[in-house]
Amino acid sequence: MEKWFNVGKVVNTHGIRGEIRVISRTDFPEERYKIGNTIYFFQTDKANPLELKIKGHREHKNFNLLTFEGYENVNDVEFMKGGLLKVPESFLGELAENEYYFHEIIGCKVVTVEGEELGEITEILTPGANDVWVVRGQDKNEILIPYIEEVVMKVDVQEKLVVIEPMEGLFS
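Bear in mind that the values here come from a model prediction, so they are computed numbers and not experimental data. Within each chain, residue numbers correspond to sequence positions counted from 1 in written order. Reporting in this predicted model follows two pLDDT cut-offs: at least 70 for local features of residues, and 80 or more for side-chain atom pairs to be given and counted; totals over whole chains, interfaces and linings ignore these cut-offs and use all residues. Only hydrogens and water are removed before side-chain values are computed, so all heavy atoms of the structure are retained for them.

Across its full length, the chain carries three helices and 12 strands. In terms of principal-axis extent, the alpha carbons of the chain reach across some 60 × 35 × 30 Å. The buried label applies to any residue whose accessible area, calculated with a 1.4 Å probe on protein chains only, is under 20% of its type's maximum; exposed applies above 50%, and partly exposed to all values in between. The proportion of buried residues among the 172 residues of the chain is 38%. Should any heavy atoms of two residues lie within 4.5 Å, those residues are counted as being in contact. Here the contacts in the chain between residues at least 6 apart in sequence split such that 48% fall between residues at least 24 apart. Each accessible area value is a Shrake-Rupley result obtained with a 1.4 Å probe; residue values ignore everything except the protein chains displayed when judging cover. For the chain, the computed accessible surface area is about 10600 Å², with 46% contributed by carbon and sulfur atoms. Residues scored as positive are Lys and Arg, those scored as negative are Asp and Glu, and His as well as the terminal groups of each chain are ignored. The atom standing in for a charge is NZ when the residue is Lys, CZ when it is Arg, CG when it is Asp and CD when it is Glu. Once the 19 positive and 31 negative side-chain charges of the chain are each reduced to a mean point, those two points are 11 Å apart. Counting from the N terminus, the helices are DSSP H or I runs at least four residues long and the strands are E runs at least two residues long.

Written as structure tokens, this is what we have:
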């Protein structure tokens, strides 16, 4: 059975030309939303996903705006509100060394090189130059770990383990 990965949630329509507004959950939106790519739309009340071919993509504020072939106006896409866009596992490409999909990192246990367990990665922030991994500690406080070579020493996605070398001031 094929495993599906959430790419984004359709939150609304945009304009009258069949554009939808998506809050993305994908690691690589520029790749995932490339014109001509196929993506699948899931509705809670339907058993089978709807296959869609991307006709247009642009960013607007914090949203990705998408249009699909065969869906030319707002009335054609109104039903998509609240649905999810997903891709099958077979659509995930190979990544370069030291690159990971979000789903591989979220849920990893984080320990220091000295063996101190810090918590589990619950979220990934993408503010700019490098990603920041959000770790929920045993005390429920959040620790922000920059994904940089000087801090992240080892990532083992099979074992769901990340080893870090804390920087001075990282936990203060």
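Moving on from the model shown.
To continue, consider the pattern of salt bridges. Two side chains of opposite charge can pair, provided their charged atoms sit close to one another. The salt bridge definition used is simple: a Lys or Arg side-chain nitrogen within 4 Å of an Asp or Glu carboxyl oxygen. One pass over the structure, following the stated rule, counts six salt bridges. For the salt bridge of Arg58 with Glu19, the shortest nitrogen-to-oxygen distance reads 2.8 Å. Within this pair, whereas Arg58 is found in strand E4 (residues 50-60), its partner Glu19 is found in strand E2 (residues 19-24), the two being separated by 39 residues in sequence. Look at Arg58 and you get partly exposed, because its relative accessible area is 39%. The partner of Lys109 in a salt bridge is Glu117, with the nearest N and O atoms 3.9 Å apart. We classify Glu117 as partly exposed; its relative accessible area is 39%.

Before going further, it helps to examine the UniProt feature "domain: RimM N-terminal" (unreviewed entry) in the chain. UniProt's entry tags residues 7-90 with the feature "domain: RimM N-terminal" (unreviewed entry), counted in the numbering of this structure. Structurally, residues 7-90 comprises 10% helix and 49% strand, and the distance from its first C-alpha atom to its last is 14 Å. UniProt positions are given in the numbering used here, feature names are shortened, and annotations may be inferred rather than shown by experiment.

This part is about the sheet that holds strand E9 (residues 132-136). Across the sheet, which stays open at both edges, the six strands sit in the order E10-E9-E8-E7-E12-E11 with mixed pairing between neighbours. Looking along the sheet, the strands with just one partner apiece sit at the ends: strand E10 (142-146) and strand E11 (152-156). For this sheet, the mean angle separating the axes of adjacent strands, direction not counted, is 35°. Two elements, strand E7 (residues 109-112) and strand E12 (residues 161-164), share four bridges in a ladder whose sense is parallel. The residue of E12 that forms the bridge with Val111 is Val163. Pairing between strands is defined by DSSP: at least two bridges between them are needed. Only the stretch in contact is used when a helix axis is fitted, and all axes are lines through C-alpha atoms; the angle between N-to-C directions ranges over 0 to 180 degrees.

Although it is not a glycine, Lys61 sits at a positive phi angle of roughly 55°. Structurally, Lys61 can be placed in the loop between E4 and strand E5 (63-68). A relative accessible area of 72% means that Lys61 is categorised as exposed. Even without being glycine, Lys140 reaches a positive phi, approximately 70°. Exposure remark for Lys140: the relative accessible area of 61% places this residue in the exposed category.

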